[in-house]
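# Architecture and fold: a report
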Amino acid sequence: MDLELKLLQLADELGVRVEDDTGHLRAGDLGAWYPSQRLIVVAPSLGPRNRVHTLAHELGHAAHNDPAGHHPKYEQRADLFAAQLLIDPREYAELERIYDGQAGAIAAELGVTVSLLATWRDHIERTTAA
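Conventions used here
Residues numbered from 1 in each chain as written. Predicted model: local features only at pLDDT ≥ 70, side-chain atom pairs only at ≥ 80, totals over all residues. Heavy atoms only, no water. Helix = DSSP H or I, 4+ residues; strand = E, 2+ residues; numbered from the N terminus. Rg over C-alpha atoms; globule rule 2.2 N^0.38 Å. Buried < 20%, exposed > 50% of the residue type's maximum accessible area, 1.4 Å probe, protein only. Contact = heavy atoms within 4.5 Å. Expected span 1.5 Å × (residues − 1). Arc of directions from axis to C-beta. Pairing = 2+ DSSP bridges. Axes fitted to C-alpha atoms, helices over the stretch in contact; angles between N-to-C directions. Salt bridge = Lys/Arg side-chain N within 4 Å of Asp/Glu carboxyl O.

### Topic: the overall build of the protein chain
- Looking only at helices and strands, one finds six helices and three strands in the protein chain.
- Going from N to C terminus, the protein chain has its helices and strands arranged as α-β-β-β-α-α-α-α-α.
- Against the globule reference of 14 Å for 130 residues, the protein chain gives a C-alpha radius of gyration of 15 Å, in line with a compact fold.
- When burial is assessed residue by residue, the protein chain has 38% of its 130 residues classed as buried.
- For the protein chain, restricting intrachain contacts to residue pairs at least 6 apart in sequence, the fraction spanning at least 24 positions comes to 48%.

Quick look at the structure:
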């Protein structure tokens with residue numbers, strides 16, 4: 001299934017609207033969660049991987065009913081939510097073998113950003129080391 005379609009279905013299940021930005025985002029922001037409106041706004045100029053990453057991240061805020069704003073605790077949790085939502089561990093394991101751990105190639109095959117893959121890898125390392 002197309003990743004963006006999967007995310008839009010989740011947004012619908014959460015009762016969240018998703019719209020392309022029409023001038024509400026602050027400079028440098030790729031997306032935003034507006035809890036009082038149950039609305040996610042995404043920059044329309046994003047490429048497919050950045051759009052999926054941003055949408056999944058903002059859905060993390062929505063799923064946890066985070067307040068508006070950039071709070072480090074909530075940002076980290078939203079990134080992890082996005083990574084776990086978008087990365088299938090079995091698919092990752094196969095790609096890890098194929099690409100000998102090359103993050104860029106694995107991320108491209110998964111349709112995610114390298115930074116999201118790094119978030120997921122860091123989480124896996126922390127949880128398996130514990």
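### Some thoughts on unusual backbone geometry
- Unlike most non-glycine residues, arginine 38 shows phi in positive territory, near 50°.
- Looking at the element boundaries, arginine 38 is found in the loop between strand E2 (31-34) and strand E3 (39-42).
- In this structure arginine 38 comes out as partly exposed when scored by relative accessible area, which is 24%.
- Of note in this structure, asparagine 65 is not a glycine but carries a positive phi near 55°.
- By the secondary structure assignment, asparagine 65 is in the loop between helix H2 (48-63) and helix H3 (72-86).

### Side note on helix H6 (residues 114-129)
- The first and last C-alpha atoms of H6 sit 22 Å apart over 16 residues, in line with the 22 Å expected at 1.5 Å per residue.
- Within the sequence span of H6, burial applies to Leu116, Leu117, Trp120, Arg121 and His123. All buried residues of H6 fall inside an arc of 160° around its axis, so they share one side. Every exposed residue of H6 that faces more than 90 degrees away from the buried side is listed here: Glu125 and Ala129.
- Summarising the contacts, the buried residues of H6 are in contact with H2, H3, helix H4 (89-98) and helix H5 (103-110).

### Considering the sheet that holds strand E1 (residues 17-20)
- One open sheet holds the three strands; their spatial order is E1-E3-E2, and the pairing between them is mixed. Looking at strand neighbours, the two that pair on one side only are E1 and E2, the edges of this open sheet. Adjacent strand axes in the sheet meet at a mean angle of 20°, parallel and antiparallel pairs treated alike.
- For E2 and E3, the ladder comprises four bridges, and the chain directions are antiparallel. For glycine 31, the partnering residue across the bridge sits in E3 and is valine 42.

### A look at the pattern of salt bridges
- Applying the stated criterion to the full structure yields eight salt bridges.
- Note that arginine 121 and glutamate 96 form a salt bridge whose closest N and O atoms lie 3.2 Å from each other. Within this pair, whereas arginine 121 is found in helix H6, its partner glutamate 96 is found in helix H4, the two being separated by 25 residues in sequence.
- For glutamate 96, a relative accessible area of 28% translates into the label partly exposed.
- Here the salt bridges do not stand alone but share partners, grouping Glu4, Asp20 and Arg51 into one network.

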